[in-house]
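Examination of the molecular architecture
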Amino acid sequence: MTGILWGALGGSTTFAVLAALGDMVSAEVRDRLDHLPHAILRLAARWLDPDQRVTVYEDEWLPELTYILRGDEARPVTRLYHGTRYAVGILVSVRRIACHVHRPAPEPVTAEAVERFVSVITEMQSLMRRIRSTEVAFDVARSEHAAARACPDPQWPELQRTEALVNGYLEILSLLREEEDRLDRLIYDEFGYVRG
Amino acid sequence: MQDLDITPKMAAVLKVFLEDPDQPRYGFELMKLTGMASGSLYPMLARLEAAGWLARGKEDIDPRAAGRPARTNYTITGAAVSAARIQLAELSERFRPPVPGRLRPAGGTA
């Protein structure tokens with residue numbers, strides 16, 4: 001008799017725990033699914049200019065999506081369907097939307113900005129010439145080093161000299177490449193251009 | 001206000017605005033009324049606004065009381081009302097099926 005009572009107690013406890021777990025899992029899934037339309041919309045907003053993000057994403061899309069997800073018809077499946085459909089539609093057409101949405105007029109180009117641009121480009125051109133001539137010198141040194149290695153012992157000093165030259169040019173090239181990267185980043189950050 | 005080539009989808013949107021020109025319309029509401037997806041509707045709204053046919057406004061609610069941010073709405077501009085009516089009439093005329101010819105007795109000649 002006691003066994004039956006314990007069994008019933010155990011069964012009802014297990015049932016209560018499982019029911020609570022089911023509710024928790026259901027709430028967790030519902031919460032995560034609610035984030036899906038927002039995530040899609042955030043992805044779409046990446047295609048907008050920073051200024052457009054305020055007028056279009058924050059002022060228009062986001063409040064509309066919130067309304068859809070919290071509106072009167074906001075049953076879990078319905079809101080997920082409407083919210084996701086809304087967000088996906090915007091994601092696929094975001095480029096067309098961005099084309100028509102007002103963009104603030106670009107700031108007028110000043111003489112100082114032009115001068116700075118010309119100066120940076122000139123610096124880059126000069127650097128490219130130095131890289132090219134160093135590459136040529138490096139190729140010559142490498143050929144001489146290969147020839148020296150093929151020679152017998154009396155040529156040993158020549159081998160050392162050419163090896164030092166090859167290593168020297170390699171170091172110079174590495175420094176020049178670092179400088180090239182720095183200028184590339186500067187040209188992109190300041191003027192929005194990349195070298196083709 | 002710029003001239004626009006009105007497409008049938010655009011006509012469906014303008015028709016909703018013309019039903020009550022003073023009534024602000026919301027994106028999701030327009031989607032339901034026209035049956036259009038957001039992917040078609042929003043580029044069109046942006047185009048109509050850029051051309052000066054629609055004006056953008058803000059929903060008149062207290063966000064804290066409503067528990068959500070105020071939505072953006074659109075209203076048709078005064079100049080666009082008459083232009084839209086004319087364009088819709090022209091579009092309707094273009095797509096109107098031809099009137100069948102007059103009946104005549106079989107074998108006869110009008």
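Residues numbered from 1 in each chain as written. Chains lettered and ligands numbered in written order. Predicted model: local features only at pLDDT ≥ 70, side-chain atom pairs only at ≥ 80, totals over all residues. Heavy atoms only, no water.

Where helix H3 (residues 76-100) of chain A meets helix H3 (residues 38-50) of chain B, the axes come as close as 7 Å, and the angle between the chain directions of the two elements is 30°. For the element pair H3(A) / H3(B), the angle class is roughly parallel. Crossing angle aside, the handedness with which H3(A) passes H3(B) is right-handed. Within the contact between the two elements, H3(A) uses Arg85(A), Tyr86(A), Gly89(A), Ile90(A), Ser93(A), Arg96(A), Ile97(A) and His100(A) and H3(B) uses Ser38(B), Gly39(B), Tyr42(B), Pro43(B), Ala46(B), Arg47(B) and Ala50(B). Considered class by class, the residues forming the contact of H3(A) with H3(B) number seven nonpolar, five polar and three charged. (Axes fitted to C-alpha atoms, helices over the stretch in contact; angles between N-to-C directions. Helix = DSSP H or I, 4+ residues; strand = E, 2+ residues; numbered from the N terminus. Parallel < 35°, antiparallel > 145°, perpendicular 65-115°, else oblique. Left-handed = near helix turned anticlockwise from the far one by under 90°. Contact = heavy atoms within 4.5 Å. Nonpolar A, V, L, I, M, F, W, Y, C, P; charged D, E, K, R; others polar.)

What follows is about the sheet that holds strand S2 (residues 54-58) of chain B. Residues and elements named next belong to chain B. With antiparallel pairing, three strands are arranged side by side in an open sheet as S1-S3-S2. Every other strand in the sheet has two partners, leaving strand S1 (25-26) and S2 as the edge strands with one partner each. Here S1 pairs with strand S3 (residues 72-76) via two bridges, running antiparallel. When the bridges of S3 are listed, Arg25 appears paired with Tyr74. (Pairing = 2+ DSSP bridges.)

Our next topic: the packing of helix H1 (residues 8-19) of chain B against helix H5 (residues 78-94) of chain B. All names here are of chain B. Where H1 contacts H5, the axes come no closer than 10 Å and their chain directions differ by 135°. Considering the angle they form, H1 stands oblique to H5. Read as a crossing pair, H1 and H5 show a hand that is left-handed. Contact with H1, carried on its side by Pro8, Ala11, Leu14, Lys15 and Leu18, involves Val81, Ala84, Arg85, Leu88 and Leu91 of H5 and no other residues of that element. Taken together, the residues that form the contact of H1 with H5 break down as eight nonpolar, no polar and two charged.

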